[in-house]
Amino acid sequence: MTEKDRPWVMRTYAGHSTAEASNALYLGNLAKGQTGLSVAFDLPTQTGYDPDSPLSRGEVGKVGVPVPHLGEMRKLFQDIPLVEMNTSMTINAPAMWLLALYQVVAEEQNPDVTPEEVAAQLAGTTQNDIIKEYLSRGTYVFPPEASLRLISDMIAYTVHQIPKWNPINICSYHLQEAGATPTQELAYALCTAIAVLDQVRNSGQVDEKDFGKVVGRISFFVNSGVRFVEEMCKMRAFVELWEEITRERYGVQDPKMRRFRYGVQVNSLGLTEAQPENNVQRIVLEMLGVTLSRSARARAVQLPAWNEALGLPRPWDQQWSLRLQQVLAYESDLLEYDDIFDGSHVVQAKVAELVASATDEIDRVQALGGAIAAVESGYMKEALVSSHAARRARIESGEEVIVGVNRFETTEPSPLTADLDTAIQAADPEAERSAIASVEAWKQQRDEVEVENALQRLAEDAKTDTNLMAATLAAARAGATTGEWAGTLREVFGEFRAPTGVSGAVGVAQAVGRAGEELAAVRQRVKETGDELGGRLRLLVGKPGLDGHSNGAEQVAVRARDAGFEVIYQGIRLTPEQIVAAAVAEDVQCVGLSILSGSHMELVPAVLDGLRDQGMDVPVIVGGIVPDSDARKLVEAGVAAVYTPKDFGLTEIMGGIVDAIRRANGLD
């Protein structure tokens, strides 16, 4: 009988409000049988700002835990021995900084051991994939070349000092969330890996004889959708392509170093607000896609909770998802067999098809100059926005069935959502004030001269080709803050705004059938209303705050363009003041705000107040993950309409925007 395969590392993606609350959550999850940690950081931490930055307003502790300095990192891992833990940190632009904080906390936990010995025992992963941030997630900080330099420095450091650490997690997860087809997910993730490995090799920081170790520590973080047969074949295609790239492009001889190692978070894009109990079976099917095939099985799995389309999951919801993994691993016989798909003609054909199409797309990107060039030119972003627009059109037409959303919508009342206000966990409203107070207290007790010297060293090293990890560790030990570390490097590297992909994206302007008729009717209403108001209707689509999940905003912008609006969309990470200024300058008839981070109750009123101060009486539309109770409050505050994930019909939303404009101008 085949030797039984070991279970994968079981995680839940968690962190919220404060370091103390997140620490309690981690300890509880570990007690329930979770075998690794997956840390969610809040948006200010992810984008390199302290809680007291104006850009952090409303975002502190919302989508993860704030970690503005070493003191908060200590609290986050209180009573958790880091040298015994496998920790995944979903952090990208400031990955070097968070790894430094993590390492220093581990050193403090083990005062009788040298720092070098502590580092050698640490195991885990920093996501650290900045290219997908430009394409989909939006938490980039620095320009592409500087970001690649930080990644390269960190890889070189960990290969030599933290050999069990995965310094980068090439993340195709968010590519699928942004609309990537399996072919695009394969190709763009592997192009990212090529760009990173080429950078490390060209930096000269790793000897040729050690380069196999670099390749061996590259891990991937993928998305598994509900089409679980196709997803399983995608993973087998990843294995084949990675084997070819590492052997032929980089000459890696050791088969262990060529192994495709990946963790997975199953698809959150397909989770529905309508009939959310259906999300449980979706999550199970998505988990099967990355566990059924032994030769392409994930080594770490984290599952979302059934209610993530509604808001922040509670500990019980996360426990449910953990139990799904445990039942599959410990009750079923899955782990007792060799790969059950070996020899399948159907699987072989599908894998071959994916390998061929992904190879063609990889070649196309490399011909453009590689992943960085394809980001800067907008090629990959436009491709993803177009793919996402096509998927949305298939859902709206009914060609792609979403149970409980566009088919089988009749339902019994769900006991899970009978009380929506208690079906999700609310973020601590005191988290922002607590985090700001923590930063103030931290600064009062540290040695300012030591901090200033450490940051000056960081700036000077950044102007040379010196590896920045040493200066980053010095800044962490001195007591610098997350915002100070990132701000110092911003001064040297500058900032960057990625292409939105909207202007060159292919939408559904030429849709046919019922969808085409509905779009044509809305387009006629847009034209007639514009004629009545004396010009083409102008819609401003705004992303206030630090939320970088721009998929919804991009799709609204593309569909609005197809419906005949003149669309103003300036991308992510804008302050309410900037959005108001753009609305005034462009003389728009409507402002649409997209917020998925939970900061709508702070940021939307700020936009409303700003527009009133400027004398602009235009309707404001809000879209995002907004609980019903919050939606009612926003409407009472003056918002014209609130759309949530259950409102999947973009053309119908366009009609609602026209209605709001007509009401605001007394045309009906």
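**Looking at the sheet that holds strand E9 (residues 262-266)**
Phase 1 of the analysis: With respect to topology, five strands assemble into an open sheet ordered E1-E10-E9-E8-E7, the strand pairing being parallel. Looking at which strands have only one partner, the edges of the open sheet turn out to be strand E1 (9-11) and strand E7 (168-171). Each neighbouring strand pair of the sheet contributes to a mean axis angle of 25 degrees, computed without reference to strand direction.
Phase 2 of the analysis: Pairing analysis gives three bridges linking E9 to strand E10 (residues 300-302), with the strands arranged parallel. Bridged to Val264 within E10 is Val301.
Phase 3 of the analysis: Contacts from helix H13 (residues 315-331) reach E1 and E10 within the one sheet, and its direction differs from that of E1 by about 160 degrees.

**Focus: the nonpolar core**
Phase 1 of the analysis: In terms of nonpolar packing, the biggest core is built from 175 residues, with Met73, Phe220 and Phe565 touching the most fellow members.
Phase 2 of the analysis: Looking at this core, the element that brings in the most residues is helix H9 (residues 182-203), giving twelve residues.
Phase 3 of the analysis: Residues within four places of Phe220 in sequence aside, it is in contact with Asn169, Ile170, Ala189, Leu190, Ala193, Trp242, Phe260, Arg261, Tyr262 and Gly263.
Phase 4 of the analysis: If you look at the next biggest cluster of nonpolar residues, it comprises 25 residues, including Leu574, Leu611, Val618 and Leu634.

**Notes on the pattern of salt bridges**
Phase 1 of the analysis: On inspection of all chains with the given rule, the structure shows 45 salt bridges.
Phase 2 of the analysis: For Lys62, the salt bridge goes to Glu602, with nearest N and O atoms at 3.3 Å. Residue Lys62 is found in the loop between helix H2 (43-46) and helix H3 (70-76), and its partner Glu602 is found in helix H24 (residues 600-613); the two are separated by 540 residues along the sequence.
Phase 3 of the analysis: Assessed through its relative accessible area of 17%, Lys62 is described here as buried.
Phase 4 of the analysis: Look at Glu602 and you get partly exposed, because its relative accessible area is 34%.

**Considering empty space enclosed by the protein**
Phase 1 of the analysis: Per the counting criterion, the structure on display carries three cavities of 30 Å³ or more.
Phase 2 of the analysis: Lining the largest cavity are Glu273, Ala309, Leu310, Leu420, Asp421, Ile424, Ile625, Val626, Pro627, Asp628 and Ser629.
Phase 3 of the analysis: A breakdown of the residues in the lining of the largest cavity according to their chemical character gives seven nonpolar, one polar and three charged.

**Digging into the packing of aromatic side chains**
Phase 1 of the analysis: Applying the stated criterion across every chain, the model contains 17 aromatic pairs.
Phase 2 of the analysis: Here Trp97 and Trp485 contribute two aromatic rings whose centre-to-centre distance is 6.0 Å and whose plane-to-plane angle is 25 degrees, an arrangement assigned as stacked. With Trp97 in helix H4 (residues 95-109) and Trp485 in helix H20 (residues 482-493), this residue pair connects regions lying 388 residues apart in the sequence. The same class applies to Trp97 as to Trp485, namely buried.
Phase 3 of the analysis: Seen from their ring centres, Phe220 and Trp242 are 5.0 Å apart, and the 80 degrees between their planes marks the pair as edge-to-face. Remark: Trp242 occurs in helix H11 (residues 228-249) and Phe220 occurs in strand E8 (residues 218-224); sequence separation between them is 22 residues. Take Phe220 and Trp242: they sit in the same class, and that class is buried.
Phase 4 of the analysis: Clustering of aromatic rings is evident, with ring pairs tying together Phe220, Phe238, Trp242, Phe260 and Tyr262.
Phase 5 of the analysis: In this structure, Arg490 packs its charged tip against the face of Tyr49, placed 4.2 Å from the ring centre.
Phase 6 of the analysis: Between Arg573 and the ring centre of Tyr140, over which it is positioned, the NZ or CZ distance is 5.0 Å.

Analysis parameters
- Residues numbered from 1 in each chain as written.
- Predicted model: local features only at pLDDT ≥ 70, side-chain atom pairs only at ≥ 80, totals over all residues.
- Heavy atoms only, no water.
- Pairing = 2+ DSSP bridges.
- Helix = DSSP H or I, 4+ residues; strand = E, 2+ residues; numbered from the N terminus.
- Axes fitted to C-alpha atoms, helices over the stretch in contact; angles between N-to-C directions.
- Contact = heavy atoms within 4.5 Å.
- Core = buried A, V, L, I, M, F, W, Y, C linked by side-chain atoms within 4.5 Å.
- Buried < 20%, exposed > 50% of the residue type's maximum accessible area, 1.4 Å probe, protein only.
- Salt bridge = Lys/Arg side-chain N within 4 Å of Asp/Glu carboxyl O.
- 1 Å grid on protein atoms, 1.4 Å probe; cavity = no way out; pocket = protein on both sides within 12 Å on 5 of 7 lines; lining within 4 Å.
- Points joined across faces, edges and corners; volume = space filled by probe spheres on them.
- Nonpolar A, V, L, I, M, F, W, Y, C, P; charged D, E, K, R; others polar.
- Phe/Tyr/Trp six-rings, centres within 6.5 Å; stacked < 30°, edge-to-face > 60°.
- Lys NZ or Arg CZ within 6 Å of the ring centre and 35° of its normal.

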